[in-house]
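An overview of the molecular structure
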Amino acid sequence: MNKNILIIPGDGIGQEVTTWGKKVLEAIAQKYNHTFHFDTALMGHVAIEATGNPLPDETLAKAKTTDAILFGAIGHIKYDNDPSAKVRPEQGLLKIRKELGLYANLRPIKLFDELLGASSIKPEILQGADILFFRELTGDVYFGEKKRSEDRLTASDLMVYSAYEIERIAHKAYKAAQTRSKKLCSVDKANVLESSRLWRETVQKIALQYPDVATEHMFIDNAAMQLIKDPKKFDVVLTANLFGDILTDEASQIAGSMGMLASASIGDSVGFYEPIHGSAHDIAGKGIANPLASILSVALMLDISFGLQNEAKNIISAVEKTLKQGYRTADIADKTTTENMRCSTQKMGEIVIQNL
Ligand code: NAD
């Protein structure tokens, strides 16, 4: 197979982890006789520094013509501490999602058995949990009108959805549910929010087209509680942008760490693959970030964008083997991890590649 892959490392640990995502792609290309052509582009704080724009035109042009994108993360502490900054790294990410029509963000949450001890949740509650989130990605308060009163003391963000935005992601989630355990939970706040009432009505209509899938509707506050109390009760979870953002960070505890969770953003054109974590200022530049979320994002790319299921499985097995052998970056280490099994980003990446 011959494919073009655009790497957008972004900021902070994004740079460190995508290095290993790319090396895994190179190792897969060699092993299975594929040709991957790589290109790189700027986004986020690094792009602002270089060009004044968090999503330079050149990056967008490259993104629109490639076969798949591997992204790291954006964000810089300077902007977190200055909420009034007009040009911000996250504008780049929001714009590229909108421009590429990436309306469905898939986040598989699966605990590797070897990491049962790394989570703060009891092992017996976690074991067997396997959830696939569908988070809507191009609507909601992220893209609705933002306002500040003249005296700057009142602010609002418009939470807005149109039926077609809900329908298109609902179809994707139902189709996925049909291939899994035929259960779908749609999460909203329909008791309070009008946009959630539209969400629920629309999902109820779509559900009629998938009679083989059992649908449950749950309020976001309840879902946040149930996810920790009994994660095994969920299979496919369909939710809006803001609720999905929060729930999937919460769900990262089911997988042991933010450093373990991959995601795929898909729409009608190119696929965009990224770990769910951010640029992690607290550990950036120290060489200790967990690269497994980026490596698992590559597995999603090979599976979803290129249809290379065996290659994807090979990556997941290599990660599993690495964890079974006991290798741990700091975020997934526990008191049983011996000194020689504690890994830097580089060592973790190298062992996974050895295990491929
Ligand atoms: P974060 O995800 O960067 O970090 C949260 C915590 O998880 C930190 O303690 C961090 O050290 C840890 N962590 C995250 N990824 C890890 C990894 N691979 N290995 C080990 N530990 C890991 O979230 P934050 O601290 O809220 O945000 C930091 C910056 O990232 C902010 O500027 C924010 O805007 C940005 N951000 C970007 C994205 C994105 O690019 N998709 C997502 C979330 C946050």
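Residues numbered from 1 in each chain as written. Predicted model: local features only at pLDDT ≥ 70, side-chain atom pairs only at ≥ 80, totals over all residues. Heavy atoms only, no water.

**Some words on the side chain of T345**
Position of T345 relative to the elements: it lies in helix α13 (residues 345–355). On the accessibility criterion, T345 (4% relative accessible area) is buried. Excluding anything up to four places from it in sequence, T345 contacts E16, W20, G287, I288, A289 and P291. (Helix = DSSP H or I, 4+ residues; strand = E, 2+ residues; numbered from the N terminus. Buried < 20%, exposed > 50% of the residue type's maximum accessible area, 1.4 Å probe, protein only. Contact = heavy atoms within 4.5 Å.)

**Quick word on the pairing of strand β9 (residues 214–219)**
Across six bridges, strand β8 (residues 183–188) lies against β9 in parallel orientation. Along β9, the bridge assignment pairs K183 with A214. (Pairing = 2+ DSSP bridges.)

**Quick look at the pattern of salt bridges**
In the structure shown here, the tally under the stated rule is 16 salt bridges. Taking the shortest distance from any N to any O, the salt bridge between D39 and K62 comes out at 3.3 Å. With a gap of 23 residues between them, D39 in strand β2 (residues 35–40) and K62 in helix α3 (residues 57–65) connect regions that are remote in the sequence. Given the relative accessible area of 36%, D39 is considered partly exposed. (Salt bridge = Lys/Arg side-chain N within 4 Å of Asp/Glu carboxyl O.)

**A closer look at the domain arrangement of the protein**
Domain annotation of the protein identifies domain 1 (1–105 + 261–356) and domain 2 (120–255). A separation of 24 Å is found between the C-alpha centroids of domain 1 and domain 2. Opposite the 12 residues of domain 1 that make contact, domain 2 presents 16 residues. When domain 1 packs against domain 2, close to 1,300 Å² is buried across both sides, 66% of that on carbon and sulfur atoms. Contact with domain 2 buries surface across domain 1, with K98, Y103 and N105 losing the most and accounting together for 48% of the total. (Domains from an automatic or database assignment. Buried area = accessible area lost by both parts, 1.4 Å probe.)

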